[in-house]
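Given next are the chains, with one letter for each unit.
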Amino acid sequence: ALVGGFSRKDVMGAGKAWATILRFENRVRAEFDRFYERDDTFSFSVCNGFQLASLMGWFAPKLPPERAPRLVRNLSERFESRLSWVKIEESPAIMLSGMAGSILPVWVAHGEGRLHVPERADLEGIVSRGLAPLRFVDVAGSSTEHYPENPNGSPFGITALSDSRGH
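Residues numbered from 1 in each chain as written. Predicted model: local features only at pLDDT ≥ 70, side-chain atom pairs only at ≥ 80, totals over all residues. Heavy atoms only, no water.

A. Highlighting the side chain of Ser162. Relative to the helices and strands, Ser162 is located in the segment after strand S6 (158-160). Apart from the residues lying within four places of it in its own chain, the contact partners of Ser162 are Phe59, Pro92, Ala93, Leu131, Pro133 and His167. (Helix = DSSP H or I, 4+ residues; strand = E, 2+ residues; numbered from the N terminus. Contact = heavy atoms within 4.5 Å.)

What follows is the structure, encoded as structure tokens:
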């Protein structure tokens, strides 16, 4: 698990700093890569950990770092802490297996939670391949970009990513 919150300091962009450290520590980076490539493991990353995993290319391994999905500042330009609702979509995500269609309450607390995929075609590819397993939803259960139901402004209401192996 690549965790969030107070990992690598609780500051904006902490996951970016963490990823930079790994880029220059070849031995540690090799260990992370070796773990990720194993067939008998899976990874879970949240908040700063998500930033790290995305910058390591775990969600889009064929993309150069400048096109990798990442988390950026919320559209509201402030820290959001609130109860939101998410819908689980069909996806290869191991932790959500058998839960598609469920709508669950989740507490969000972040200042950098908005998904940003620099190239629209890459974002559309993520969606079309079913690699966006969680979406913020409105009262009707439809994915939304509307604030405050989507507290960060992520496109298509996306609030999680999976790779094709279910990580």
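Having put the structure on the table, let's press on.
B. Just the sheet that holds strand S3 (residues 103-110), in detail. The strand order S3-S2-S5-S6 describes an open sheet built from four strands, whose pairing is antiparallel. Edge strands, defined here as strands with exactly one partner in the open sheet, are S3 and S6. Going from strand to strand, the sheet's axes swing by 45° on average, the running direction of each strand aside. With eight bridges connecting them, strand S2 (residues 80-88) and S3 associate as antiparallel partners. Across the sheet, residue Trp85 finds its bridge partner in S3, namely Pro105. (Pairing = 2+ DSSP bridges. Axes fitted to C-alpha atoms, helices over the stretch in contact; angles between N-to-C directions.)

C. Here's a closer look at the nonpolar core. With 21 residues, the main nonpolar core has Leu52, Leu115 and Leu161 as its most contacted residues. Here this core takes four residues from helix H3 (residues 48-55), the largest share from any one element. Counting residues in each nonpolar core, the second largest holds eight residues, with Ala93, Leu96, Phe136 and Ala160 among its members. (Core = buried A, V, L, I, M, F, W, Y, C linked by side-chain atoms within 4.5 Å. Buried < 20%, exposed > 50% of the residue type's maximum accessible area, 1.4 Å probe, protein only.)

D. Fine view of helix H4 (residues 120-128). Among all positions of H4, only Asp122, Leu123, Gly125 and Ile126 are buried. Seen from one end, H4 has its buried residues packed into an arc of 160°, which puts them on one side. Of the residues in H4, the exposed ones pointing more than 90 degrees away from the buried face are Ala121 and Ser128. Buried residues in H4 make contact with strand S4 (114-116) and S6. In the stretch just after H4, Gly130 is the one whose phi turns positive, near 70°. (Arc of directions from axis to C-beta.)

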